[in-house]
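# Remarks on the overall topology
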Amino acid sequence: MKIRKLRKTTQILTMLAIFIIPMINLLEIYFIKGTFYSMDIGDLAISDPLAIFQILLSSKIFNITMLAAIFIPVLLMLLLGRVWCSFFCPYYTIVEFLAWIRKKLKLKSIKPKYKKGDPSRSNTIRFIFLISGLVLTGIAGIPILNLILTHGIISSQALILVKFGYLTFEIVFVILLLLIEFFLIDKFWCKFLCPSGTLLSLFKFKKGMRVKKQVSECSSCNMCITVCPMGLDPQTEGDNILCNNCGDCIDACPDNKKIKTLKFKI
Ligand code: SF4
Ligand code: SF4
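Residues numbered from 1 in each chain as written. Chains lettered and ligands numbered in written order. Predicted model: local features only at pLDDT ≥ 70, side-chain atom pairs only at ≥ 80, totals over all residues.

Attention now goes to the overall build of the protein chain. Helices and strands together make up the secondary structure of the protein chain, namely 14 helices and five strands. Relative to the compact-globule value of 18 Å for 266 residues, the protein chain shows a C-alpha radius of gyration of 19 Å, a close match. Its C-alpha atoms put the protein chain at 55 × 40 × 35 Å along the principal axes. When burial is assessed residue by residue, the protein chain has 36% of its 266 residues classed as buried. Intrachain contacts of the protein chain at a sequence separation of at least 6 include 69% that bridge at least 24 residues. (Helix = DSSP H or I, 4+ residues; strand = E, 2+ residues; numbered from the N terminus. Rg over C-alpha atoms; globule rule 2.2 N^0.38 Å. Buried ≥ 20, exposed ≤ 12 C-beta atoms within 10 Å, placed from the backbone. Contact = placed C-beta atoms within 7 Å.)

Take a look at the structure:
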């Protein structure tokens, strides 16, 4: 099975879940409840690590129960890399859908060509953004970055829509970003700014799942570079913390049909 098929299936199920969960809550079934800021499944609490770090930072109170809620996301990251982004995040799913529409409409892709050094520039920008946000959170005493967590906004807006039948002003931020993604720079939020994705990158572990080139030679068609949404060279930069383990490079590699050239390695 192509990785992309598995990824699309997971993305669709996640999108459905953000609407179905509030629907079943309306039926007074609360086995599962919450949004992508924080969710309860039975007695298990799962939270976005960035949302928790901000609460701890702004309240200046160490809370072990809150830290326990980031155990699963951090474990997932350590073992499988940033699969949250490529398999689950609803914002990334919408951005990929927009990219598909753009392709269908034959709108010229404005994806920049791969240039050596680009990933480190992206990483520098997004870490400066994250650190600035955390400093502001500490000074202001409120979790400022929560206001711009796109996956949190999308899931909480889905909840409000299902429960109350309207959307709130927060959705405007996501719509503006999506317009930029569609007309100007594809994946710009994930590549350069998203503080949640940046924090998750910190947990990329050397022994975790990553893309690896298996053979020294390949036909050098560079299809993997062309398709990489993060502007990486998958042949040499599978270890980069910008990689979200989407697997698009592996699916795109024509050499993989003969001999496994690119593959996920743990
Ligand atoms: S970088 Fe942020 S918006 Fe992008 S996929 Fe990851 S969590 Fe979602
Ligand atoms: S290197 Fe491969 S797995 Fe990583 S982001 Fe690029 S295409 Fe996806």
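Now for the pairing of strand β3 (residues 44-47). For strand β2 (residues 38-41) and β3, the ladder comprises four bridges, and the chain directions are antiparallel. Note on β3: the bridge partner recorded for Asp40 is Ala45. In this antiparallel pair of consecutive strands, β2 and β3, the connection spans two residues, and Gly42 shows a positive phi of 60 degrees. (Pairing = 2+ DSSP bridges.)

Direction of pairing for strand β1 (residues 32-34) relative to β2: antiparallel, over a ladder of three bridges. In the sheet register, Lys33 faces β2, and the bridge partner there is Asp40. As consecutive antiparallel partners, β1 and β2 are separated by three residues.

Moving on to the site of ligand 1. Taken together, the residues surrounding ligand 1 are Cys85, Cys89, Tyr91, Tyr92, Thr150, His151, Trp189, Cys190, Cys194, Ser196 and Gly197. Broken down by secondary-structure element, the contributors of at least two residues to the shell around ligand 1 are α6 (90-104), α8 (150-164), α10 (188-193) and α11 (195-201). Here the shell around ligand 1 is built from residues that sort into seven nonpolar, four polar and no charged. (Near = placed C-beta within 6 Å. Nonpolar A, V, L, I, M, F, W, Y, C, P; charged D, E, K, R; others polar.)

Here Phe188 is to be found in helix α10. Given 15 C-beta atoms within a 10 Å radius, Phe188 is considered partly exposed. Spatially, the C-alpha atoms of Phe188 and Met230 are 9.0 Å apart, while their sequence positions differ by 42 residues. In this structure, Phe188 is in contact with Ile180 and Glu181, ignoring residues within four places of it in sequence.

An ideal rise of 1.5 Å per residue puts 34 Å on 24 residues; helix α1 (residues 3-26) measures up with 35 Å between its terminal C-alpha atoms. The largest bend in α1 is about 30 degrees, located at Ala17. Listed as buried for α1 are Arg7, Gln11, Ile18, Ile21 and Pro22. At the C-terminal side of α1, Glu28 shows a positive phi close to 65 degrees. (Expected span 1.5 Å × (residues − 1). Bend = angle between axes of the 7 residues up to and from the residue.)

Now for unusual backbone geometry. The phi dihedral of Lys60 falls on the positive side, at around 55 degrees, and the residue is not glycine. Following the sequence through the fold, Lys60 ends up in the loop between α2 (49-59) and α3 (64-68). Overall, Lys60 belongs to the exposed group, with 8 C-beta atoms counted inside 10 Å.

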